[in-house]
There are 2 protein chains.
Amino acid sequence: MLTDLYQLTMMQGYRANGCWEKEAVFDLFFRTLPPGSGYALAAGLEQVVGYIENLHFDEDDLKYLSSLNLFQKDFLAELRQFRFTGDIDAVPEGSVVFPYEPLVRVKGRIFEAQLLETALLNLVNFETLIATKASRVVAATQGGAVMEFGLRRAQGPDAGTFGARAAFIGGVKSTSNVLAGERYGIPVSGTQAHSWIQCFSSELEAFRAYAKTFPDQCLLLVDTYNVLKSGVPNAIKVGLELEKEGHRFLGIRIDSGDLAYLSRQARRMLDEAGLKQAIIVGSNDLDEETIWAIRGQGAAIDAWGVGTHLITSKDAPSLGGVYKLAAEGEKGIFTPRLKVSENTAKITNPGIKKVVRFYNREGKALADLIALEEEEFNSPALTIFDPVQTWKRKTLEDFRTRELLVPVFRGGRRVYSLPELTEIQKYAARELDTLWGEVKRLANPHRYIVDLSAGLYDLKQKLLREVNLGLEEREG
Amino acid sequence: MLTDLYQLTMMQGYRANGCWEKEAVFDLFFRTLPPGSGYALAAGLEQVVGYIENLHFDEDDLKYLSSLNLFQKDFLAELRQFRFTGDIDAVPEGSVVFPYEPLVRVKGRIFEAQLLETALLNLVNFETLIATKASRVVAATQGGAVMEFGLRRAQGPDAGTFGARAAFIGGVKSTSNVLAGERYGIPVSGTQAHSWIQCFSSELEAFRAYAKTFPDQCLLLVDTYNVLKSGVPNAIKVGLELEKEGHRFLGIRIDSGDLAYLSRQARRMLDEAGLKQAIIVGSNDLDEETIWAIRGQGAAIDAWGVGTHLITSKDAPSLGGVYKLAAEGEKGIFTPRLKVSENTAKITNPGIKKVVRFYNREGKALADLIALEEEEFNSPALTIFDPVQTWKRKTLEDFRTRELLVPVFRGGRRVYSLPELTEIQKYAARELDTLWGEVKRLANPHRYIVDLSAGLYDLKQKLLREVNLGLEEREG
């Protein structure tokens, strides 16, 4: 039932108009990267698979739909039997992806492919957005650890939990969200809040109480009263007491004030006290830009707690993924379709497509081609060209290729085994390693080449001419 | 399990340090309104109630927590019994609220009050944000209907569904989200997508097929090929055919291009064809500012479909609600507590508090006071003052008052009956009616007065002096 009403009205419409057996191919893709980013990290496929495997209408759902006085009895009876029976190909989670590349390709009877649209967009849009954001935040720390803290500011419980999962794919080390830890096996982290400190008659007493309960996980929040005059000296006292008892003092967290200045001072104080191994965690309204700036000022921060900005992708809280008809068919024979628009960027790519990535011998990604499924790229040299500025050409030689889409469902049955989340995280890191640094730059990144294959380009031009002829005739 | 790990580590800490029976009062409030807004509409209480009534740890949860090697056996055994047993007061959903006003006040044993923090913030932050955004979008239409379309761009399934609910509280007429319709009884709306039009060999054929299936709910999407040259003329053809058969043609939807220009032209064409009752729905990346601007240019749009910007509150995707300790106690005797900060805006208001709203005889809201629970405001005239610029004073006379917080839980038992969602929507509209237009202005609204009562002000000053004395002693 997690769908838009119009999917159901269209389904009934297809049925009433003899299109129940008509088949279609839809592509899920986005047109623009999150602002400032030179790439995106695909995520959400595991949730898509879960959604499709559970997809059905129960009696309460049917009763509700019936109450709307929109649907015919026999259509509702069909819904009672409904299961997804089509094919799905998708880009594995953690893959580096770019605009216009199909992340999910659905082939099936048109009414069932149509039904999936809303939920697939919801899941892939959000998780891809957060995985991408997280990878940028992690990149800004240049090797520091990032802890995801955002559940309280997330847009609802799912956003907190799916968001923690996506952030982990993007390279975050841990989450504060216990449910995400339980469900996905993400390491959980967290110690105490200001309210803990306030609940004791002094900061020192609060620190000692915490150290007594968690002698080996003792990270102390030092900014309740005054970081340098009270918090750090008290933490050092308790840290030395712990070390004397044979425990290892974990460190401190600073959650307000100027993190660059305070962390440098705190580092010096900890080092002078002989607590060189104690780490400093910084938090408070951080995002990739702030982390980059604070690091640039020599902050002595080992780990970063990141909340609101990451879990909501605050500077750009939506990825504009769309789900567009690419082909129509009957009994497995498909005809490419395209949607025109006044806005050139919104004209779709027709046909059943694949995405081919070209690598050099060192394994660096050179360019992607969105191509027709049947096209092969075996020749030793290939000239590719920009689909708008067609005079911009580039010849690739000595390359190896890889197709991004993998089979996930065939005839409604899953044929893909979902990787472990830690594997996805490692794969995402390897994927990012295949990109040149220029494409990953946090600001004004270099634009990675994504062209259309000659086959797809020609097909698109042909269909556009046909549509224009049709329009002219109508106007005439 | 929808909580931050540190809530659980603190709970174990409280237990280990003899604070298991210690009581506390926490306030949930936000410090700043969403940018541009002069008010907020509280929402999320129903989900908070659902969360608290279901709050427990099952065996899988306990097994997972045990696997973390952080928690002691007897603490986990306590969690097995865990139920919320405290008191909660809250502002009813749909109430107009302002910064620093407690929206939810939790009184209970400290460890249980602490546990609620994350989930309460998650739910109240998001729904309040979206209800507020929706009320602004609705206001911008000046009487037009708003349809919520955002599920595909929402931050996960809950965001789409809780967001649709919050949007309805804010005055939206319907949602495209079928699950939100089923779960909350929100009217659902939706007709067809571009893919429907593309699936037929011509636009006219697609329109006729739709009209045949839904003769009385026929709203046609007219921008697949060309709005004025193809879409509107074809829609008029089908509309006239429907009307001839005794049906009422609903109208058209325009989802791209310049909505101001296209809607005016389409209106003229529909009117000239005798379809004066047909409505025009506009959609495509709308928010309150765009709607206001398009309306200002004389757009002939009767209903607005609003998606991404509403469901994510795109310009400000988080409300910075916090949950702060206000008092500590034992056996029902409480001592006010406050948290200091270098940042004056972050100093909390101590004590067990209420929010009193003052109205004039016409029912317009004059000012709010955040006051101590025991304070009464029965005198015929009351002088209130700004808590920062204390020379700014205002004397209220001939007023009536209302307390915003109502009892929701007492001793863990719910004492509040949840209103129907349609009642909440009506209540929210009445609440907005109590505000002067200046406070509701979409840009640069007038700041509504929220002062501290004399009692609360004095208490806060006293506690601040004590804290400063303490800090000086420590430094000395």
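Report on the accompanying structure. (Residues numbered from 1 in each chain as written. Chains lettered and ligands numbered in written order. Predicted model: local features only at pLDDT ≥ 70, side-chain atom pairs only at ≥ 80, totals over all residues. Heavy atoms only, no water.)

## Focus: the pattern of salt bridges
Any two side chains of opposite charge can pair if their charged atoms end up close together. All names here are of chain A. Note the threshold: A pair is scored as a salt bridge if a Lys or Arg side-chain nitrogen falls within 4 Å of a carboxyl oxygen belonging to Asp or Glu. The helix and strand labels rest on DSSP assignments: H or I over at least four residues marks a helix, E over at least two residues marks a strand, and numbering proceeds from the N terminus. Only protein chains enter the accessibility calculation, which uses a 1.4 Å probe; a residue whose area is less than 20% of its type maximum is buried, one above 50% is exposed, and one in between is partly exposed.
Counted under the stated rule, the structure contains 65 salt bridges over all chains. The closest approach of N and O atoms between Arg357 and Glu101, which form a salt bridge, is 3.9 Å. Remark: Glu101 occurs in the loop between strand S4 (96-97) and strand S5 (104-109) and Arg357 occurs in strand S14 (residues 353-359); sequence separation between them is 256 residues. For the residue pair Arg357 and Glu101, the accessibility class agrees, reading buried in each case. Bridged by salt links that share partners, the residues Glu101, Arg357, Asp368, Arg402 and Glu431 form one connected network.

## What to know about the packing of aromatic side chains
Residues and elements named next belong to chain B. Inclusion rule: Planes of paired rings set the category: under 30 degrees apart is stacked, over 60 is edge-to-face and the rest tilted, where pairs are Phe, Tyr or Trp rings (Trp by its six-membered ring) whose centres lie within 6.5 Å.
Taken as a whole and assessed by the stated rule, the structure comprises 32 aromatic pairs over all chains. Ring centres of Phe57 and Phe82 lie 6.1 Å apart, and the angle between their planes is 80 degrees; on these two criteria the pair is classed as edge-to-face. In this pair, Phe57 is assigned in the loop between helix H2 (45-53) and helix H3 (59-67) and Phe82 in the loop between helix H4 (73-81) and strand S3 (87-90), connecting sequence segments 25 residues apart. When its relative accessible area of 5% is taken as the criterion, Phe57 is described as buried.

## Considering the sheet that holds strand S19 (residues 406-410) of chain A
Residues and elements named next belong to chain A. Spelled out, the test is: DSSP bridges decide pairing: two strands pair if at least two such bridges lie between them. The contact criterion used throughout is that any non-hydrogen atoms of two residues lie within 4.5 Å. Helix axes are fitted only over the stretch in contact, all axes being lines through C-alpha atoms; the angle between N-to-C directions runs from 0 to 180 degrees.
Strand order in the open sheet formed by 7 strands is S13-S12-S1-S5-S3-S19-S20, with antiparallel pairing between adjacent strands. Looking along the sheet, the strands with just one partner apiece sit at the ends: strand S13 (333-336) and strand S20 (413-414). Summarising the sheet, strand S3 (residues 87-90) and S19 pair through 3 bridges and their orientation is antiparallel. Along S19, the bridge assignment pairs Ala90 with Val406. Helix-sheet contacts for helix H2 (residues 45-53) involve S3, S19 and S20, and the interaxial angle to S19 is about 15 degrees.

## What to know about the environment of Gly38 of chain B
Residues and elements named next belong to chain B. Within the fold, Gly38 resides in the loop between strand S1 (23-29) and strand S2 (40-41). On a C-alpha basis, the gap between Gly38 and Lys354 in space is 21 Å, while along the polypeptide they are 316 residues apart. Once residues lying within four places of it in the same chain are set aside, the contact partners of Gly38 are Leu33, Phe98, Val439 and Pro445.

## Considerations on the environment of Tyr457 of chain A
All names here are of chain A. By the element assignment, Tyr457 lies in helix H16 (residues 454-475). The exposure class of Tyr457 is buried, given its relative accessible area of 17%. Counting along the chain gives 307 residues from Tyr457 to Gly150, while the straight-line C-alpha distance between them is 43 Å.

## Some remarks on the packing of H2 of chain A against helix H5 (residues 110-141) of chain A
Residues and elements named next belong to chain A. Applicable threshold: Any angle from 65 to 115 degrees is called roughly perpendicular, while one under 35 is roughly parallel, one over 145 is roughly antiparallel, and all others are oblique. Definitions for this section: a left-handed crossing has its near helix turned counterclockwise from the far helix by less than a right angle. A right-handed crossing has that turn clockwise.
It is the contact of H2 with H5, at a shortest axis distance of 9 Å, that shows an interaxial angle of 155 degrees. Overall, the two elements H2 and H5 adopt an arrangement that is roughly antiparallel. H2 and H5 meet at a crossing whose hand is right-handed. In this structure, H2 uses Gln47, Val48, Tyr51 and Ile52 to contact H5, whose residues at the interface are Leu115, Leu116, Ala119, Leu120, Leu123, Val124 and Glu127.

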